[in-house]
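An overview of the molecular structure
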Amino acid sequence: MPKMKTKASAKKRFKLTGSGKIKRKHAFKSHILTKKTTKQKRNLTQSGLVAKVDEASIKKQLCI
């Protein structure tokens, strides 16, 4: 049987933490930043965690 391939899109977007959770970045921080407040842009800079519901499908895409 051939090797499992990871999804390149998932590989670029997600990282695994030491405790096994999946880290992600926030959306809406790439362009059209003039109408967003400084507070909103600052909070979008921080990384977040993937919801429990989505973890299984992302781990499958990452072949974990």
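Residues numbered from 1 in each chain as written. Predicted model: local features only at pLDDT ≥ 70, side-chain atom pairs only at ≥ 80, totals over all residues. Heavy atoms only, no water.

Counted only if it meets this: UniProt positions are given in the numbering used here, feature names are shortened, and annotations may be inferred rather than shown by experiment.
Going by the annotation in an unreviewed UniProt entry, the name recorded for the protein chain is Large ribosomal subunit protein bL35, with Owenweeksia hongkongensis given as the source organism. As recorded by UniProt, the Sequence similarities (unreviewed entry) comment attached to the protein chain reads in full: "Belongs to the bacterial ribosomal protein bL35 family."

**With respect to the overall build of the protein chain**
The cut-off we apply is this: Helix and strand labels come from DSSP, where a helix needs a run of H or I of at least four residues and a strand needs a run of E of at least two; each type is numbered from the N terminus. Radius of gyration means the value over C-alpha atoms here, while the globule rule gives 2.2 Å times the residue count to the 0.38 power.
If you tally the helices and strands in the protein chain, you get 3 helices and 3 strands. Listed N to C, the secondary structure of the protein chain is α-β-β-α-β-α in terms of helices and strands. For 64 residues, the compact-globule estimate of 2.2 N^0.38 gives 11 Å, and the C-alpha radius of gyration of the protein chain, at 15 Å, exceeds that figure by more than 25%. Each principal axis of the C-alpha distribution contributes one length, and for the protein chain these read about 50 × 25 × 20 Å.

**Side note on the side chain of lysine 36**
What counts is decided by this rule: Three labels apply to residues, based on accessible area from a 1.4 Å probe with only protein chains included: buried if under 20% of the type maximum, exposed if over 50%, partly exposed otherwise in between. Charge counting treats Lys and Arg as positive and Asp and Glu as negative, with His and both chain ends excluded. Just to be clear on terms, a salt bridge is a Lys or Arg side-chain nitrogen sitting within 4 Å of an Asp or Glu carboxyl oxygen. In the analysis that follows, any N or O atom pair within 3.5 Å is treated as a polar contact, provided that within protein one partner can donate a hydrogen and the other can accept it, and provided that, for residues neighboring in sequence, both atoms belong to side chains. By the convention used here, residues are in contact when the closest approach between their heavy atoms is within 4.5 Å.
Tracing the backbone through its elements, the reader meets lysine 36 in the loop between β2 (22-24) and α2 (38-45). An unpaired buried charge is present at lysine 36: no salt bridge exists, and aspartate 54, the closest side chain of opposite charge, is 21 Å distant. A distance of 3.0 Å separates a polar atom in the side chain of lysine 36 from the backbone oxygen of phenylalanine 28. Setting aside anything within four residues of it in sequence, one finds lysine 36 in contact with Phe28, His31 and Lys41.

**A few points about the environment of serine 9**
Within the fold, serine 9 resides in helix α1 (residues 8-13). Overall, the relative accessible area of 40% leaves serine 9 in the partly exposed class. Separated by 30 residues in the primary sequence, serine 9 and lysine 39 have C-alpha atoms spaced 29 Å apart.

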